[in-house]
Amino acid sequence: MRSALNSIKNGTTVYVKNIKASALKVKLLEMGFSEGKEIRVLYRAPFGDPMAVDIGGYTLSLRNDEAEQIEVELYETLTA
Amino acid sequence: MKVALLGNPNTGKTSIFNILTGLRQHVGNFPGVTVDRKAGKFKIDDKECTLIDFPGTYSIYPRSKDEAVVYDCLSDTNHPDFPDVAAVVVDKANLERNLLFFSQVYDLQVPTVMILNMTDLAQRKEVQYDVEGLRALFPEAIIVESNARIKSGKDQIEQAILNAPKREGHSFLKNTSLLSHDDLKAQEIETESRFAMIHKLLSSIQVVEEKETTRSEKLDRILVHPVFGYVIFAFILLIIFQFIYSFSTIPMDWIDAGFANLSEWTAGVMPEGVFTDLLTQGIIPGIGGVVIFIPQIALLFFFIGILEETGYLSRVVFIMDRIMRPLGLNGKSVVPLMSSVACAIPGVMAARTIADWKERMITILVAPLMSCSARIPVYTLLIALVVPNETVGGIFGLQGLVLFGLYALGTLSALFVAWILKMIIKTKEKGFLLLEMPSYKSPRWGNVGMTVLEKVRIFVWDAGKVILAISIILWALATYGPSDRMAEAGRMAEQQASEMSLNDEETQQMVASAKLENSYIGIMGKTIEPAIRPLGYDWKIGISLITSFAAREVFVGSMATIYAVEDDGEENKTLIDKMRAAKNADGTPVYSLATGISLMVFFVFAMQCMSTLAIVKRETRSWKWPMIQVGYMGILAYLGSWITYTLLS
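Since the model is a prediction, treat every value here as computed from it, not as a measurement.

Engineer: For this particular structure, what's the right way to read the interface of chain A and chain B?
Structural biologist: Interfaces are often sized by the accessible area lost when the parts come together. In this complex, chain A contributes 27 residues to the contact, which on the side of chain B involves 32 residues. Of all elements in the fold, only helix H1 (25-30), strand E3 (38-44) and strand E5 (58-62) of chain A reach the threshold of two or more residues within the side of chain A that touches chain B. Of the residues that constitute the side of chain A that touches chain B, the class distribution is 15 nonpolar, 6 polar and 6 charged. Bridging between E5(A) and strand E10 (residues 435-437) of chain B involves 3 bridges; their strand directions are antiparallel. Directly across from A:Ser61, in E10(B), lies its bridge partner B:Leu435.

So, in structure tokens, the structure goes:
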């Protein structure tokens, strides 16, 4: 099942499926959000926004409305 | 030979720049933009090289005005900074993301050097790459390894730059050319194909990658914690603030006394005359007025340097982003605004850490509304003058409450104005965060020292010129008047003083007062009286308002001169007595509660500081923004004081 990255709980590992078309897309690609990339949600700022993720071994923070552009799939759903 | 130093942020680029150029650095700006152009000269085998430090970027395609410098320069062979050699710093720990930018630069067909930097993270993660495999991917580039932290690799980097081969047309991604910077669709396709290639190639050359919960992740659990995160940040701010606010007064007093002595000494050894006056009353105090800010600037950037070097500053942005965003500010605005409570000058300079142009402008524009320490002498004088020393509600002193109110008014109006500006200032860029949070590391003190030196240099040379020029103009306006008017007034005062049989000191004070009243500034003060009458001010206050444009605290000194008393720099009892006794033509006291509070409100809002204007001009590279600041703060001051006076009287 696909969901937006901003809805993923802390500590969960997911895979990038797709990035929605927007002016932000190329910047998200440049930061490493390519299809199939493994993402681990690390923690969130005090008001639940922004969030921090591990992407290819480095930590990136992004706002919820930015994370919303990224469609991800849970690891379990892939193996099931 | 021109060498461009390029690379992703947090790759150790700054360290490599410092290692190569040492102290031979110069900060200017790229043509037509407000981005600092840090260049350094160094020699390789007697060959003179200029190394230009470009802003750190993740891609050649810009995401902000600042980053556009990289694209503009590299896309235009006629650009004055178009490099002979591009040296790209690549972080070993994150080869994948770093290779995107490197391959883009490589494909421009410029002679290219890859500086494969061993960062702490790379060391901890024990990532191993087959460097030979990497060389095969980029056959026309020289690849050298370095470890900026232990300063190794300097000779190899220099030799690589010197021997970077001419390009013969090999490119990483076949059939590419640099795309238009607004062709987003094509950029997406190019980025995706580059990463597809990089993934495939990396899997063949990457040997080991250890995964573990890093130290940084553990630290982050505390430092971005919903409660402790803020507590720790508040504590750090408190320490910084304490240092700037309290401890910098010690060297500042030395500087103050030093320049006063220098003036006195110069006046003693030089023949009397206009030139000596210019030197001892205009130039020397003017230079002193620049130098006096150095301790605050140095201290603030010492701390900011540490916060940046350790990686903590990006966590500050992380926990403050949600709170500051609705106001048009950035998480990083907190440090500049907080340090503006000590002094707006280092505060405005600290706004440099904010990457988003609009958020940086808003931070700079509202920073002087925070109540700086130069307002304290003015508030102290006026509160003692008009606010009764009473206790309200059993515990709170009324005078203290008024002082608190003034600080609160300044802070709230800064936030409010930021919110207004957010809606007014238009920008094509859509603000976004996408901020890398580098792993925590201990600061490299060399880099911190270089930051402090660079900021002090920028302030002294760029803003110092303006400050010196304005202080000389203000001095001339206060010292000279039309034709014989001042001399005449001086003689009259002297005569009057001898009739009253005053002693030497009192006579001098009376003469100084009469002269100031008849100087150009005195005349200006009288001219603006009708305009400031509705605020409850007379021409004497008018004069002091004009002179305090040099710096707010000058208000007290000017008042002392006008009322012909000595400014003792402490409680100013005699001045307060004189001011309290001052009467309007109709016999009512000049300094009623309404006038006093109105005057304090004026000082909360008004842009009474030429040094701040000079640094805003330096940071924004135009007079437009400082003028807007003078304008909007002036309007706020006038309206605020008028409303206050009308309500209270």
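Having put the structure on the table, let's press on.
Engineer: So what exactly am I meant to see when it comes to the environment of B:Leu403 here?
Structural biologist: All names here are of chain B. Mapped onto the fold, Leu403 is located in helix H18 (residues 398-424). According to the C-beta neighbour criterion, Leu403 is partly exposed, with 18 such atoms within 10 Å. Distance from Leu403 to Met252, taken between C-alpha atoms, is 24 Å for residues 151 residues apart in sequence. The contacts of Leu403, once residues within four sequence positions are left out, are Tyr379 and Ile383.

Engineer: Sorry, what's going on with the pairing of strand E4 (residues 51-55) of chain A here?
Structural biologist: Side-chain direction in a regular strand flips from residue to residue, so the side chains alternate between the two faces of the sheet. All names here are of chain A. Burial analysis of E4 places 4 of its 5 residues in the buried class, which makes it a mostly covered element. In this structure, E3 lies alongside E4, joined through 5 bridges in antiparallel fashion. Bridged to Arg44 within E4 is Met51. The turn joining E3 and E4, which pair antiparallel and follow one another in sequence, is formed by 6 residues; a positive phi near 80° is taken by Gly48. Two elements, E4 and E5, share 5 bridges in a ladder whose sense is antiparallel. Its bridge partner being in E5, Met51 is matched across the sheet by Leu62. The hairpin turn running from E4 into E5, its antiparallel successor, is 2 residues long, and Gly56 in that turn takes a positive phi close to 60°.

Engineer: Looking at this model, I keep getting lost on the sheet that holds strand E1 (residues 2-4) of chain A. Mind explaining?
Structural biologist: Strand pairing within a sheet occurs via backbone hydrogen bonds; the two strands may be parallel or antiparallel. With respect to topology, 7 strands assemble into an open sheet ordered E1(A)-E6(A)-E2(A)-E3(A)-E4(A)-E5(A)-E10(B), the strand pairing being antiparallel. Lying at the two open borders of the sheet, with one neighbouring strand each, are E1 of chain A together with E10 of chain B. The average angle at which neighbouring strand axes cross in this sheet is 45°, direction not considered. In this fold helix H13 (residues 312-324) of chain B packs onto E4 and E5 of chain A together with E10 of chain B, with an angle of close to 125° to the strand it touches most, E10(B).

Engineer: What am I meant to see in the packing of helix H17 (residues 376-386) of chain B against helix H26 (residues 573-581) of chain B here?
Structural biologist: Geometrically, a packed helix pair is captured by the angle between its two axes and the distance between the axes. Residues and elements named next belong to chain B. Viewed as axis vectors pointing N to C, H17 and H26 meet at an angle of 55°, and their least axial separation amounts to 10 Å. Between H17 and H26, the angle is such that the two are oblique. In the packing of H17 onto H26, the handedness of the crossing is right-handed. Facing H17, whose interface residues are Leu381, Ala384 and Leu385, H26 presents Ile576, Met579 and Arg580. Looking at the contact of H17 with H26, its residues break down into 5 nonpolar, no polar and 1 charged.

Engineer: I tried to follow the confidence of the model for chain B on my own but got confused; where do I start?
Structural biologist: A low pLDDT means the predicted coordinates there should not be read in detail. Mean pLDDT over chain B works out to 89, with 97% of the residues at or above the 70 mark. Scoring the predicted complex yields pTM 0.88 and, for the interface, ipTM 0.93.

What counts as what
- Residues numbered from 1 in each chain as written.
- Chains lettered and ligands numbered in written order.
- Predicted model: local features only at pLDDT ≥ 70, side-chain atom pairs only at ≥ 80, totals over all residues.
- Contact = placed C-beta atoms within 7 Å.
- Helix = DSSP H or I, 4+ residues; strand = E, 2+ residues; numbered from the N terminus.
- Nonpolar A, V, L, I, M, F, W, Y, C, P; charged D, E, K, R; others polar.
- Pairing = 2+ DSSP bridges.
- Buried ≥ 20, exposed ≤ 12 C-beta atoms within 10 Å, placed from the backbone.
- Axes fitted to C-alpha atoms, helices over the stretch in contact; angles between N-to-C directions.
- Parallel < 35°, antiparallel > 145°, perpendicular 65-115°, else oblique.
- Left-handed = near helix turned anticlockwise from the far one by under 90°.
- pLDDT = per-residue confidence, 0-100.

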